[in-house]
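Structural description and commentary
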Amino acid sequence: MIKLENISKTFMHNKQPIYALKDINLHVPAGQIFGVIGKSGAGKSTLIRCVNLLEKPTSGKVIIDNQYITELSNSQLIHIRRKIGMIFQHFNLLSSRTVFENIALPLEFDNVQKKTIKSKVNELLKLVGLEDKANVYPSNLSGGQKQRVAIARALANDPKVLLCDEATSALDPETTRSILELLKNINKKLGLTILLITHEMDVVKQICDQVAVISQGELVEQSTVGEMFSHPKSDVAKQFIQSTLHLHIPEDYLQKLSTTYQDNLHPLLRLEFTGLSVDAPFLSQAAKEFNIDNNIISAQMDYAGGIKFGIMLTEIIGNPVDTKNAIKFLQDNNITVEVLGYV
Ligand SMILES: Nc1ncnc2c1ncn2[C@@H]1O[C@H](COP(=O)(O)OP(=O)(O)OP(=O)(O)O)[C@@H](O)[C@H]1O
């Protein structure tokens, strides 16, 4: 549905080139929710703005629904943009218009009949769960409600594609979840293709089918969400995944943690499980085979794209040779083991 071919974008700043996007190739299949994740300044906003040509690429082609939109005239572009909805971090609603009037705006631009506008807007209000807010002004809405209005407005022209530019970044975690849930429902109900950019792996985890990682203007990795969480390849992807797992080392362990091995101390391990290693009983197998004990201090398991993954903090108690062999056994079974120190 969305194809980017060799997209590059260079800005000039104080006569110096800034290579915001470098030879990006991306394919978002119809009906998917596709996430692009990257750190601040990676090029995410530039990328999503190139899709509807709010930003004109320096080179490369944008193809939407089999149409090369980089080759269209300005008037043709206005027409095609109606099929590409967009929502933003700060909602971009008109404060002087009610919720109803904000949603009606794209239809008024299209000279749609008043009666048709009314039924369409009412239908959209229902879809986003704001039937009772039609006559309210944006200043009297919460952030989540404002984003619901923006979503309804973006859907007014029955777009085939919805672009989401950090759509939940200004919202608290609970509201973020409800907006992502709404986007997922819309994706299913209307078969809408969604491309979203974000700096939060939790967003990708919650709703995306596929994800691409962008770093310094380049796409460094792309896969299904399950594959990315189970086998991240780039350092950036690994860092993003780590950011979704929060493992707390208790204060008393931090205090007694030694960086060097001494007699009577045991290694404190951080174990990372992904894919197959999550479901197999490797810890108890290691305990039996190498005569060690595991003292599990904390653990967190999670799901993304149908794949289970998790991390664990555990102390391995045993003699030094058995402990070393047990660690090797875990590593041989695709568990990432980090020795944090000795306790
Ligand atoms: N209009 C512009 N003129 C000059 N440089 C720009 C312009 N827009 C973006 N850039 C630069 O291009 C690079 C990519 O910026 P972009 O806003 O796309 O990144 P981002 O990943 O969206 O970051 P953030 O999450 O902080 O918004 C940055 O170095 C930025 O300073």
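With an unreviewed UniProt entry as reference, the protein is termed D-methionine ABC transporter, ATP-binding protein, source organism Frischella perrara. If you open the UniProt record of the protein and go to Subcellular location (unreviewed entry), you find "Cell inner membrane".

Moving on to the nonpolar core. Generally speaking, nonpolar side chains in soluble globular proteins are found buried as a group. In this structure, I87, I103, I151, L162, C164, L183 and M201 are the most contacted members of the largest nonpolar core, which totals 54 residues. The dominant element in this core, judged by the number of residues it contributes, is helix α5 (residues 143-155), at six residues. Counting contributing residues per domain, this core is built from domain 1 (2-227) and domain 2 (251-342), each supplying no fewer than three.

Next up on the list: the layout of surface pockets. Roughly 630 Å³ of volume is contained in the largest pocket. Forming the walls of the largest pocket are 19 residues, and the residues nearest its centre are R81, I84, M86, P106 and N157. Contributing elements (two or more residues each) for the lining of the largest pocket: α2 (74-81), β6 (84-88), α3 (99-109) and α5. At four residues, β6 tops the list of elements feeding residues into the lining of the largest pocket. For the lining of the largest pocket, the per-class residue count stands at 11 nonpolar, four polar and four charged.

Cut-offs and rules
Residues numbered from 1 in each chain as written. Predicted model: local features only at pLDDT ≥ 70, side-chain atom pairs only at ≥ 80, totals over all residues. Heavy atoms only, no water. UniProt positions renumbered as here; feature names shortened; annotations may be inferred. Core = buried A, V, L, I, M, F, W, Y, C linked by side-chain atoms within 4.5 Å. Buried < 20%, exposed > 50% of the residue type's maximum accessible area, 1.4 Å probe, protein only. Helix = DSSP H or I, 4+ residues; strand = E, 2+ residues; numbered from the N terminus. Domains from an automatic or database assignment. 1 Å grid on protein atoms, 1.4 Å probe; cavity = no way out; pocket = protein on both sides within 12 Å on 5 of 7 lines; lining within 4 Å. Points joined across faces, edges and corners; volume = space filled by probe spheres on them. Nonpolar A, V, L, I, M, F, W, Y, C, P; charged D, E, K, R; others polar.

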